[in-house]
Amino acid sequence: MNAESGEDRTAPTATVGLLSDPGRPTDIAQKLSAELPGVLADRVNSEVVWRVCVRSEQVPLDEQGRIPLDEAAEKMPAEQWDLMVCITELPRSDGSRPVVADVDVKRGVGLASLPAIGWLRPRAHARNTVAHVVGVLSKEKLGASGSRAVSRSHHHIRRRPTEFASPVRQVPSDQENIDLHLALTGARGRLRLLFGMVRDNRPWRLVPSLSRAIAASAAAAAFGIFYPSIWGMADALSVQRLVAISCFAVVVMAVWITVHNSLWEHPARHVDAKRAALYNAATVLTLLIGVLCMYVLLFAVTLLAAAAVISASYMEAQLGHSVGFFEYVKLVWLASSMGTIAGALGSSLESEAAVRRATYSRREQERRARRRRREGVGEEKGTD
């Protein structure tokens, strides 16, 4: 610790480094850097002057697909950091238990995983997680008695009343170079990790990334609204049938993308089955949300085109009854479903590398690529 050069020369200074993955983790880290000094003074130690620094860098994964905290800790002397917390998009687990954060008390290093931190109010949850990790690390650095003592107690860190209802629990770790985990418990914790993984995959990126699929969808939808036989079919269908058809179309496209681009993960061992199931569930939800966003966009564009081109009098002559806005909606609804199914075939023209970039976060792409190499799978199909 360094002496603070200010009015109070006796107050110790603690510098906390936030080593964050590029992208969203860095954005969150930069916002936290202004908030954390006050939070740490309030919740950890008010007699210490806290400083927070941010560095954006992606630490390479080890052979197990984890971020090695011992290698990350080697950056601390050069940066003159007393403590360090890595912030990553990589999901973490201890067996079947989702992990919010890892703590290496001996080296003064922690790791916070954004997917497990949560998809609602991620900045607030990240702030609380980093503050908790720093509190555990600082107990050792500021004169606590032994690293293993803190692995079983965290009551020296003041907690807000709402945090006692949290599914996060502090547990000792059996892994090398990690003293303890902040882990998620129960079904609520697993759902929190799942939705956090989907949030970090940013499913809405599928819309601009699958340009060939969107072109095929638009062409098929345009055919639907300009082909009179489709008008009669749409007019005869009930709302329930149209809902079922649209759901079928979205699922077909999501399944097609998953299968065609080998996105389904098969566990290498029986013990990996639960972890693979989690990754597959995140993939399916990401694709379903992404395809649904594309469907909504296609519906809106097709509705505008139908309203601009098809006159109500001509549609009335074809259908044999008066028409209103709802008849246009039913026509566009069916045409959009047809277009989405055609878009599934159009997505086959996209390269596998492009689909993976659109579906997964950077860390998840890195983890999957390393896993494929470890299992001896060939290079991804297609190039940009």
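Residues numbered from 1 in each chain as written. Predicted model: local features only at pLDDT ≥ 70, side-chain atom pairs only at ≥ 80, totals over all residues. Heavy atoms only, no water.

### Some thoughts on the side chain of Ser361
Following the sequence through the fold, Ser361 ends up in the loop between α15 (352–359) and α16 (362–374). With residues near it in sequence (within four places) discarded, Ser361 still touches Glu89, Asp200, Asn201, Arg202 and Arg205. (Helix = DSSP H or I, 4+ residues; strand = E, 2+ residues; numbered from the N terminus. Contact = heavy atoms within 4.5 Å.)

### Remarks on the pattern of salt bridges
If you walk through the whole model with that rule in mind, you get 10 salt bridges. Where Arg55 meets Glu57, a salt bridge forms, and the shortest distance between an N and an O atom there is 2.6 Å. Here Arg55 ties to Glu79 by a salt bridge, and the two come within 2.6 Å at their closest N and O atoms. With Arg55 in strand β3 (residues 49–56) and Glu79 in helix α3 (residues 76–79), this pair connects stretches of sequence that are 24 residues apart. Of the residues examined, Glu79 reaches a relative accessible area of 30% and is grouped as partly exposed. Among the charged side chains, a salt-bridge network with shared partners connects Arg55, Glu57, Lys75 and Glu79. (Salt bridge = Lys/Arg side-chain N within 4 Å of Asp/Glu carboxyl O. Buried < 20%, exposed > 50% of the residue type's maximum accessible area, 1.4 Å probe, protein only.)

### Observations regarding the packing of aromatic side chains
The tally for this structure, following the rule as stated, stands at 2 aromatic pairs. With centroids separated by 4.9 Å and ring planes inclined at 20°, the aromatic side chains of Phe223 and Tyr227 adopt a geometry described as stacked. For Phe223, a relative accessible area of 45% corresponds to the partly exposed category. Ring plane angle 90° and centroid distance 5.7 Å describe the contact between Trp231 and Tyr314, whose orientation is recorded as edge-to-face. You can see Trp231 sitting in helix α10 (residues 228–236) and its partner Tyr314 sitting in helix α13 (residues 312–319), a full 83 residues away along the chain. (Phe/Tyr/Trp six-rings, centres within 6.5 Å; stacked < 30°, edge-to-face > 60°.)

### Focus: helix α1 (residues 24–43)
Remark: the principal bend of α1, roughly 50°, maps to Glu35, with a proline, Pro37, within the next four residues. Among all positions in α1, only Arg24, Pro25, Thr26, Ile28, Ala29, Leu32, Leu36, Val39, Leu40 and Arg43 are buried. (Bend = angle between axes of the 7 residues up to and from the residue.)

### Things to note about the pairing of strand β6 (residues 97–104)
In terms of residue burial, β6 counts as a mostly covered element, since 7 of its 8 residues are buried. The pairing of strand β5 (residues 92–94) with β6 spans 3 bridges and is antiparallel. Following the sheet pairing, Arg92 is matched in β6 by Val99. Two elements, β6 and strand β9 (residues 180–184), share 4 bridges in a ladder whose sense is antiparallel. Residue pairing in the sheet places Ala101 in a bridge with Leu182 of β9. Bridge count between β6 and strand β7 (residues 109–113): 4 bridges; the pairing is antiparallel. Within the sheet, the bridge partner assigned to Asp102 lies in β7 and is Leu111. As consecutive antiparallel partners, β6 and β7 are separated by 4 residues, and within that stretch Gly108 has a phi angle of approximately 75°, a positive value. (Pairing = 2+ DSSP bridges.)

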